[in-house]
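The chain contents come next:
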Amino acid sequence: MLRHAPRLLSRATSSAMRWRRPFSTNVPAETPVDAKFVESWRSTIPNIEPPKTPSAFMTPRPPTPSTIPSKLTINVVLPYNSIFSAKEVDMVIVPATTGQMGVLPGHVATIAELKPGVLSVHEGNDVTKYFVSGGFAFIHANSVADIIAVEAAPVDQFDQNLVQKGLAEFTQKLSSASTDVEKAEAQIGVDVHSALNAALTG
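Remember, predicted model here, so these are calculated numbers, not experimental data.

### Considering helix H3 (residues 160-176)
Between its first and last C-alpha atoms H3 spans 25 Å; for 17 residues at 1.5 Å apiece the expected length is 24 Å, and the two agree. Along H3, the residues that are buried comprise Val-163, Gly-166 and Leu-167. Taken end-on, H3 shows its buried residues confined to a sector of 105 degrees, consistent with a single buried face. Residues Asn-161, Leu-162, Lys-165, Gln-172, Ser-175 and Ser-176 are exposed on H3 and point more than 90 degrees away from its buried face. Where the residues of H3 are buried, they touch helix H4 (180-201). In this structure Asp-159 caps H3, since a side-chain oxygen of it lies 2.9 Å from the backbone nitrogen of Asn-161.

### Some details on the side chain of Asn-197
Within the secondary structure, Asn-197 sits in helix H4. When sequence neighbours within four positions are dropped, the list of residues in contact with Asn-197 reads Gln-160, Val-163, Gln-164 and Leu-167.

### Remarks on the nonpolar core
The biggest cluster of nonpolar side chains holds 23 residues, and the ones touching the most others in it are Ile-74, Val-92 and Leu-119. Setting aside anything within four residues of it in sequence, one finds Leu-119 in contact with Val-76, Ile-93, Val-94, Pro-95, Thr-128, Lys-129, Tyr-130, Val-132 and Ile-147. Counting residues in hydrophobic clusters, the runner-up holds seven residues, among them Val-118, Phe-131, Val-155 and Ala-195.

### Considerations on the side chain of Ser-120
You can see Ser-120 is positioned in strand E6 (residues 117-123). Classification of Ser-120 by relative accessible area gives buried; the value is 8%. If we skip the residues at most four places from it in the chain, Ser-120 touches Met-91, Val-92, Ile-93, Val-127, Thr-128 and Lys-129.

### As for the confidence of the model for the protein
The share of residues in the protein with pLDDT of 70 or more is 79%, and the mean pLDDT across the chain is 83. Taken as a whole, residues 12-29 scores under 50 in pLDDT and shows eleven contacts with residues more than four places along the chain or in a different chain.

### Quick look at the packing of aromatic side chains
Scanning all chains against the criterion turns up four aromatic pairs. Ring centres 6.1 Å apart and planes at 75 degrees place the aromatic pair Phe-131 and Phe-158 in the edge-to-face group. One end of the pair, Phe-131, is in strand E7 (residues 126-132); the other, Phe-158, is in the loop between strand E10 (152-154) and H3, with 27 residues separating them in the sequence. Its end group placed over the ring of Phe-170, Lys-173 keeps NZ or CZ at 5.0 Å from the ring centre.

### Description of unusual backbone geometry
A positive phi is found at Ala-86, a non-glycine position, where the angle reads about 55 degrees. Positioned with a positive phi, Ser-143 is a non-glycine residue whose angle comes to about 60 degrees. One can find Ser-143 in the loop between strand E8 (135-139) and strand E9 (144-149). Using a relative accessible area of 3% as the deciding quantity, one classes Ser-143 as buried.

### What about the pattern of salt bridges?
Across all of its chains, the model carries three salt bridges by this definition. Among the salt bridges present, the one from Asp-90 reaches Lys-71, with a minimum N-O distance of 2.6 Å. Linking Asp-90 in the loop between strand E2 (82-89) and strand E3 (91-96) with Lys-71 in the loop between helix H2 (35-44) and strand E1 (72-77), this pair joins segments that are 19 residues apart in sequence. For Asp-90, a relative accessible area of 25% corresponds to the partly exposed category. Residue classification places Lys-71 among the partly exposed residues on the basis of a relative accessible area of 33%. A salt bridge links Lys-87 to Glu-123; the shortest N-O distance between them is 3.2 Å. Of this pair, Lys-87 sits in strand E2 while Glu-123 sits in strand E6; the two residues are 36 residues apart in sequence, bridging distant segments of the chain.

### Overview of the packing of H3 against H4
Orientation of H3 relative to H4, taken along the N-to-C sense of each, is 150 degrees, at an axis distance of 8 Å. In terms of axis orientation, H3 runs roughly antiparallel to H4. Seen along the crossing, H3 lies across H4 with a hand that is left-handed. Here H3 contributes Gln-160, Val-163, Gln-164, Gly-166, Leu-167, Phe-170, Thr-171, Lys-173 and Leu-174 to the contact with H4, which in turn contributes Lys-183, Glu-185, Ala-186, Gln-187, Gly-189, Val-190, His-193, Ser-194, Leu-196, Asn-197, Leu-200 and Thr-201. For the contact of H3 with H4, the residue count by class is eight nonpolar, ten polar and three charged.

How each quantity is defined
Residues numbered from 1 in each chain as written. Predicted model: local features only at pLDDT ≥ 70, side-chain atom pairs only at ≥ 80, totals over all residues. Heavy atoms only, no water. Helix = DSSP H or I, 4+ residues; strand = E, 2+ residues; numbered from the N terminus. Expected span 1.5 Å × (residues − 1). Buried < 20%, exposed > 50% of the residue type's maximum accessible area, 1.4 Å probe, protein only. Arc of directions from axis to C-beta. Contact = heavy atoms within 4.5 Å. Polar contact = N/O pair within 3.5 Å; in protein donor to acceptor, adjacent residues only side chain to side chain. Core = buried A, V, L, I, M, F, W, Y, C linked by side-chain atoms within 4.5 Å. pLDDT = per-residue confidence, 0-100. Phe/Tyr/Trp six-rings, centres within 6.5 Å; stacked < 30°, edge-to-face > 60°. Lys NZ or Arg CZ within 6 Å of the ring centre and 35° of its normal. Salt bridge = Lys/Arg side-chain N within 4 Å of Asp/Glu carboxyl O. Axes fitted to C-alpha atoms, helices over the stretch in contact; angles between N-to-C directions. Parallel < 35°, antiparallel > 145°, perpendicular 65-115°, else oblique. Left-handed = near helix turned anticlockwise from the far one by under 90°. Nonpolar A, V, L, I, M, F, W, Y, C, P; charged D, E, K, R; others polar.

If you want it as structure tokens, here you go:
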């Protein structure tokens, strides 16, 4: 049985290589078009143009460069606003749930959930700090980072006295909460205000 192990292992490895999922660098940059769907639609409803999917409204993903670029391109988007759009920076530090994560040009493709904390944007010697309440960061292999946040604002726009007052209020609500919903809402308030207070005093 052991004599046949190398042959079986080689066969399994070859099979896995044939069926492995493509890396992001192997995905075509152009938005794919479902030709079969378009053909079926036009044969059924020739007078109406086929509907477009959300990907049709997005610009094609730029190809992954052969060398690491000198700058990182970031997009910071809120549900109602765009803070940065295709801005080239040296580095960003995002408050991931696993800890502070620095992103430089050439960073490996990653998806990170964000917790309440400070988003630092580094341009040379200048550092701009934003407080984000949560969201996601999508780091692409082509040195582009899409940061989607629920809320974000410059740290220097917050009043520390109001933040500490809010922290005290939510702490009191958490101690007096009687239902699971009240506890959850109060805990969210404590977490956000604690992170914001740490950003202002740190």
